[in-house]
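# Observations on the three-dimensional arrangement
Listed below, chain by chain, are the residues.
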Amino acid sequence: MPAEFLDSSRAAKGLETRTEAYLTQTLLPPPREYFAKIRIYLQRMTDTKRTTNGVHLLSQLNLENGDSQINAGPTIFKEPCESIRFRSGAQLSFGITLRSDGRNARLLSYRFYLSLLPASGLRFVRIDLNAPKDDYDPLHVPRCHLHPGFEGIHIPFPVMEPIAVLDRIVHVVEPHFVP
Amino acid sequence: MPTQPSTAAPPDRRQRFRTFMRRFNPAAPAKATIGEGLICQYAERSVFKKLAAGADLTLGSQQLLVGGIGSGKTTELMLAQQELAGNTQMVPLYIDVSAETDLSTVNSGALLASLGMHIWRAVASNLNPPVSLSATYKALTKAAYGYQEQVWVEQPDYDPSDDYDPSDYRDGPGYYHTIKVSGKLKPPFPAFRRDVKELADLVSSMTTFLKERGIELVAVFDGLDRLIKADQFWSVAEQDLRAIRLLEVSVLATGPLSIMYGQGRQIKDYFDEVHYLPPAVADPRVSPFLLEVLRVRGAEDLIRPEQMQKLCLASGGVLRDLISLARSAGENAYLDDADDIEVRHVDRAIEQLGNSYLLGLGTQQKLILQNMLEGKGFKPSDAESMELLITRRVLEQSESGYEVHPALAAVLAQVTNGSE
Amino acid sequence: MTSNSAPIFEIVRLIDLQPTGETGFCMLVGPLAKLHLIQELQEELSIQIEGSLAVIDVKGETVLSLVEQLRTKSEAVILMYGFDSWNDGVFASLDINRSMLENGSFLVFSLDLRTAGRFLDNAPNIRSFLGANIFTVAPDPSAMSANEIADRLAQLRNYYKLSDAEIIHQAANRSLAPDPHFIEWLVLLERSDLAR
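Criteria and thresholds
In this convention, every chain numbers its residues from 1, walking through the sequence in written order. Chain letters start at A and ligand numbers start at 1, both assigned in the order the entries are written. Given that this is a predicted model, residues contribute local features only at a pLDDT of at least 70 and side-chain atom pairs are listed and counted only at 80 or more, while totals for whole chains, interfaces and linings are drawn from all residues. Only DSSP runs of H or I reaching four residues or more are called helices, and only runs of E reaching two or more are called strands; each is numbered from the N terminus. Here the radius of gyration uses the C-alpha set of atoms, whereas the globule reference equals 2.2 Å times the residue count to the power 0.38. With C-beta atoms placed from the backbone, a residue is buried if 20 or more other C-beta atoms are within 10 Å of its own, exposed if 12 or fewer are, and partly exposed between those counts. We call two residues in contact when their backbone-placed C-beta atoms lie within 7 Å. All axes here are fitted lines through C-alpha atoms, helices being fitted over the stretch that makes contact, and every angle between N-to-C directions spans 0 to 180 degrees. Should an angle lie under 35 degrees it is considered roughly parallel, over 145 roughly antiparallel, and from 65 to 115 roughly perpendicular; all remaining angles are considered oblique. Rotating anticlockwise by less than a right angle from the far helix to the near helix defines a left-handed crossing, while the corresponding clockwise rotation defines a right-handed one. Residue polarity follows a fixed list, in which Ala, Val, Leu, Ile, Met, Phe, Trp, Tyr, Cys and Pro are nonpolar, Asp, Glu, Lys and Arg are charged, and the others, Gly among them, are polar. Here the limits of each domain have been adopted from an automatic or database domain assignment. For two strands to count as paired, DSSP must find a minimum of two bridges between them. For the purposes of this analysis, a nonpolar core is taken to be any set of buried Ala, Val, Leu, Ile, Met, Phe, Trp, Tyr and Cys residues that are connected through C-beta atoms within 7 Å. Here pLDDT means the predictor's own confidence in every residue, given as a number from 0 to 100. Relevant arc is that of directions from the helix axis to the C-beta atoms, nothing else.

### Thoughts on the overall build of chain C
Across its full length, chain C holds nine helices and six strands. Taken over the C-alpha trace, chain C has a radius of gyration of 24 Å; the compact-globule value for 196 residues is 16 Å, which it surpasses by more than 25%. With the principal axes as the frame, chain C shows a C-alpha extent of 70 × 30 × 30 Å. Counting across all 196 residues of chain C, residues that qualify as buried make up 47%. A separation of at least 24 residues holds for 79% of the contacts in chain C among residues at least 6 apart in sequence.

This is how it looks when you write it as structure tokens:
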């Protein structure tokens, strides 16, 4: 086996270690408060005409054990559906799972699905943070990854808090596909 | 095909609506609104020129401006003050007495005290007052405030040779310190019975000082219209106004609507002129005034002409309600993520205003209003009816008639239809 | 009064529109669930406008003592409650002295329906300033409803051709894939305890 391939595995494991460290160290506000932050972020995106809607699609489910689900748009994207719409015609739906100890929250997982118009060259871009798992292949399926229009390709994506992912999608990813 | 994202600043509807709200704030100080050029001066309705002319031509005259809540009295007074300020021989002093002291309790001499304070400020900032006048001001302050706030300050490491008096009941050494209560607004001067003659004499020293320099004063008293009941108005104003008349200082003052319906006193016995500010003509087909009020404030940026007309009609001619309605329509559009104010936002605003007038209506009052809507007339002859008039649920029409506030009439019709 | 109902999130959006430095007014009418209201208001103000909230219990206060408190407060929004203890004369006095309320903050009067009627009847000037800014606080509409939960679960079952029981079984066996969809599935089933 070529040496560089063995290095890729080691590098992938190193990336996972950094991902795990970020997730361990990063404390988010309690789920209700974080939800409110996402809500006002989406509202501002509508106010500045990045999106045409968003806030009314947001919903939250807070369990007694402290786990929380924040969603916007369908869980499984399938048109026609109600999702966050960009002026380009692109659509976004997302789901974020948080785990709270009552005071702060940590990230468990998230999914951001950006559906693009046919002329974009890509059908979709999806950014996922998988839940922790003992046994997995970090090279082929890093915990935080981006799907560039293909389910089978997992490009490592720097783990970041959900509002930061939203920001990248709104200001960096989607604008590149504006016709 | 991927493109580079635009670097131009994105449009922000939040800023657009904020700018709109700034121009449609029913609680905005009249001074700020005038300063920003948001006032529509309409000769057929404005009285400020008459007020100013009266004060200019007849020195020492006392004029009263009466109108319902939200009719624009403060704006007219301030415009009159501006008009008078153009005359170099005149010093018009705008005084919101209700901001300076508590008018809701016995507060004799309040007008004199506040007038004296304002005269002093004008003198101290523009002229070189003699020592005797400063002494007059000190005496006036004492008469106005009656006391200074004092607190005991402990001073454990005092020098026994200091003037600590051990006979003082305090536990330890220290001293009384007079403190000025600081804050955003200056503290009001307290309400109590003052010697009106003493105050008048003090104020007279100041007015004489100015008259000797060829300066004529006009006292523009605002806030007295908050004294909704006529007898409240007289208890505060009567003695002071009589004393001010002797000082030959012209007076412009606001008064409550109830004073026009009061039994007993004839306001013409106390005032040289009484100016009445009625509700404006609400129908834009009859008078363009209310439409112009909206246009001057930039309503056309967000509201189409036909919706502006709807707002005018729904306001009943109450200026503040017109501003409120436009604002509410703007709020509804903003919350709706709309770019402009649409018909549903206007309709909701009218309904919201009507609902707010519905709040607190008693059974008897509802009956009075229903009778009006059925064409049975209205007479402000009892307490319930007067309250409807004062709270603007009933509005005076231009020719001694009355109508139910249009926004309230609309929701009352819904309530009636709903219960049938 | 259904047309004047709004959740706290939207009321704060309206407060945000208020020009800075100009005193604004609104009235919140409804049963007094003070602590919850205050907490939610505080959170939204902090997030939306980075503003702070002062709270004043007016029970036992006179108009002048209330004015004194307002004079020295610099918070963006001041919520006042306890008006049910005031008699009609105090409301009338507040109305007469309403110029003294102008401290540049946004003033929120929180009171029950009956007290609101007394307040507005005895303070017609303040009523005029409030205009239509009289709201009943609506619950936050963002809580996921049972219908929505059922709908999302149906989407997952249809897409993956798996049942809820199978997902739970896999999670308990630690054989469930770590995809975000499956974690969401467990949360919707209220079995997120099985997610590591």
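### A closer look at the overall build of chain B
On a plain count of helices and strands, chain B comes out with 17 helices and nine strands. For chain B, the proportion of contacts with a sequence separation of at least 24, taken over those separated by at least 6, is 74%.

### Brief notes about the packing of helix H1 (residues 13–23) of chain B against helix H13 (residues 319–335) of chain B
Residues and elements named next belong to chain B. Packing of H1 against H13 leaves a shortest axis separation of 10 Å and a crossing angle of 165 degrees. One way to sum up the angle between H1 and H13 is to call them roughly antiparallel. In this structure, the crossing between H1 and H13 has a hand that is left-handed. Mapping the contact onto sequence places Phe-17, Phe-20 and Met-21 in H1 and Arg-327, Gly-330 and Tyr-334 in H13. Each residue belonging to the contact of H1 with H13 can be placed in one class, and the counts come to four nonpolar, one polar and one charged.

### Regarding the interface of chain B and chain C
The interface of chain B with chain C comprises 44 residues on the first partner and 39 residues on the second. Listed by contribution, the elements that provide at least two residues to the side of chain B that touches chain C are H1, helix H5 (97–100), H13, helix H14 (343–358) and helix H16 (383–390) of chain B. Element by element, the count of residues in the side of chain B that touches chain C is highest for H13 of chain B, at eight residues. Tallied by class, residues from the side of chain B that touches chain C come to 18 nonpolar, 13 polar and 13 charged.

### Details of the domain arrangement of chain B
All names here are of chain B. Partitioning chain B into structural domains gives domain 1 (13–24 + 285–419) and domain 2 (46–146 + 182–277). For domain 1 and domain 2, the distance between their C-alpha centroids amounts to 33 Å. On the side of domain 2, nine residues touch domain 1, which itself brings nine residues to the contact. Listed by contribution, the elements that provide at least two residues to the side of domain 1 that touches domain 2 are H13 and H16. Of the residues assigned to the side of domain 1 that touches domain 2, the class counts are six nonpolar, no polar and three charged.

### What about unusual backbone geometry?
All names here are of chain A. Of the consecutive residues Glu-79 and Pro-80, the connecting peptide bond is found in the cis state with omega at -5 degrees. Along the polypeptide, Pro-80 turns up in the loop between strand S2 (67–72) and strand S3 (84–85). Phi angles above zero are rare outside glycine, and Lys-49 is one such case at about 65 degrees. In this fold, Lys-49 is placed in the loop between helix H2 (31–47) and strand S1 (58–62). Using a count of 14 C-beta atoms within 10 Å as the deciding quantity, one classes Lys-49 as partly exposed.

### A word on the pairing of strand S6 (residues 250–255) of chain B
Residue and element names in this part refer to chain B. Summarising burial for S6: six of the six residues are buried, a large majority. Of the two faces of S6, both are covered, the one formed by Ser-250, Leu-252 and Thr-254 as well as the one formed by Val-251, Ala-253 and Gly-255. As defined by bridge partners, strand S1 (residues 62–67) adjoins S6 across five bridges and the pair is classed as parallel. Considered in S6, the bridge of Gln-63 is made with Leu-252. As paired elements, strand S5 (residues 216–222) and S6 share four bridges and run parallel to each other. Bridge assignment links Val-218 to a residue of S6, and that residue is Ser-250.

### Regarding the sheet that holds S6 of chain B
Residue and element names in this part refer to chain B. Strands sit in the order S2-S5-S6-S1-S7 across an open sheet of five strands; the sheet is parallel. The open sheet has two free edges, formed respectively by strand S2 (90–96) and strand S7 (273–277), since each of these has just one partner strand. Within this sheet the neighbouring strands show an average axis-to-axis angle of 15 degrees, counted without direction. Summarising the sheet, S1 and S7 pair through five bridges and their orientation is parallel.

### Some words on the interface of chain C and chain A
The parts lose accessible area when they come together, and the size of an interface is often stated as this lost area. Each partner contributes to the interface: chain C provides 27 residues, whereas chain A provides 29 residues. The set of elements that each furnish at least two residues to the side of chain C that touches chain A consists of helix H2 (34–49), helix H7 (146–160) and helix H9 (180–188) of chain C. Taken together, the residues that form the side of chain C that touches chain A break down as 13 nonpolar, five polar and nine charged.

### What to know about the nonpolar core
Counting residues in hydrophobic clusters, the biggest one holds 155 residues, and the most contacted among them are Ala-219, Ile-244, Leu-252, Leu-311 and Leu-322 of chain B together with Val-108 of chain C. With nine residues, the top contributor of residues to this core is helix H6 (residues 110–126) of chain B. Among all residues touching Leu-252 of chain B, those that are not within four sequence positions of it are Leu-51, Ala-55, Gln-63, Leu-65, Leu-77, Ala-80, Val-218 and Val-220 of chain B.

### Describing the pairing of strand S6 (residues 134–138) of chain C
All names here are of chain C. Pairing of strand S1 (residues 5–7) with S6, which is carried by three bridges, proceeds in the parallel orientation. Across the sheet, residue Ala-6 finds its bridge partner in S6, namely Val-137. When strand S2 (residues 24–29) meets S6, the two strands line up parallel, connected through three bridges. Its bridge partner being in S6, Met-27 is matched across the sheet by Ile-134.

### Notes on the sheet that holds strand S5 (residues 106–111) of chain C
Residue and element names in this part refer to chain C. If you trace the six strands from one edge of the open sheet to the other, you get S1-S6-S2-S5-S4-S3, paired in parallel fashion. Edge strands, defined here as strands with exactly one partner in the open sheet, are S1 and strand S3 (53–57). Between one strand and the next, the sheet's axes are offset by a mean angle of 35 degrees, whatever the strand orientation.

### Re the confidence of the model for chain B
Scored by pLDDT, chain B comes out at a mean of 85, with 84% of its residues at no less than 70. Residue range residues 1–5 of chain B is modelled with pLDDT below 50. Its contacts to residues more than four positions away, or to other chains, number six contacts.

### Quick word on the domain arrangement of chain C
In terms of domain boundaries, chain C breaks down into domain 1 (2–138) and domain 2 (146–189). Computed from C-alpha coordinates alone, the two centres of domain 1 of chain C and domain 2 of chain C are separated by 46 Å.

### What to know about the confidence of the model for chain C
With 97% of its residues at a pLDDT of 70 or more, chain C shows a mean pLDDT of 92. Taken together, the chains of this predicted complex give a pTM of 0.88 and an interface ipTM of 0.93.

### A look at the packing of helix H15 (residues 363–373) of chain B against H16 of chain B
Residues and elements named next belong to chain B. Two elements in contact, H15 and H16, have axes whose closest approach is 10 Å; the angle formed by their N-to-C orientations is 75 degrees. Judged by the inter-axis angle, H15 sits roughly perpendicular to H16. Of H16, the residues touching H15 (which contributes Gln-364, Gln-365 and Ile-368) are Glu-384, Ser-385 and Leu-388. When the residues that make up the contact of H15 with H16 are grouped by side-chain class, the tally is two nonpolar, three polar and one charged.

### Points about H1 of chain B
Looking at H1 of chain B, one finds that the buried residues are Phe-17, Phe-20, Met-21 and Arg-23 of chain B. Projected down its long axis, H1 of chain B shows its buried positions confined to an angular sector of 160 degrees, all on one face. Contact partners of the buried residues in H1 of chain B: H13 of chain B together with helix H1 (8–17) of chain C.

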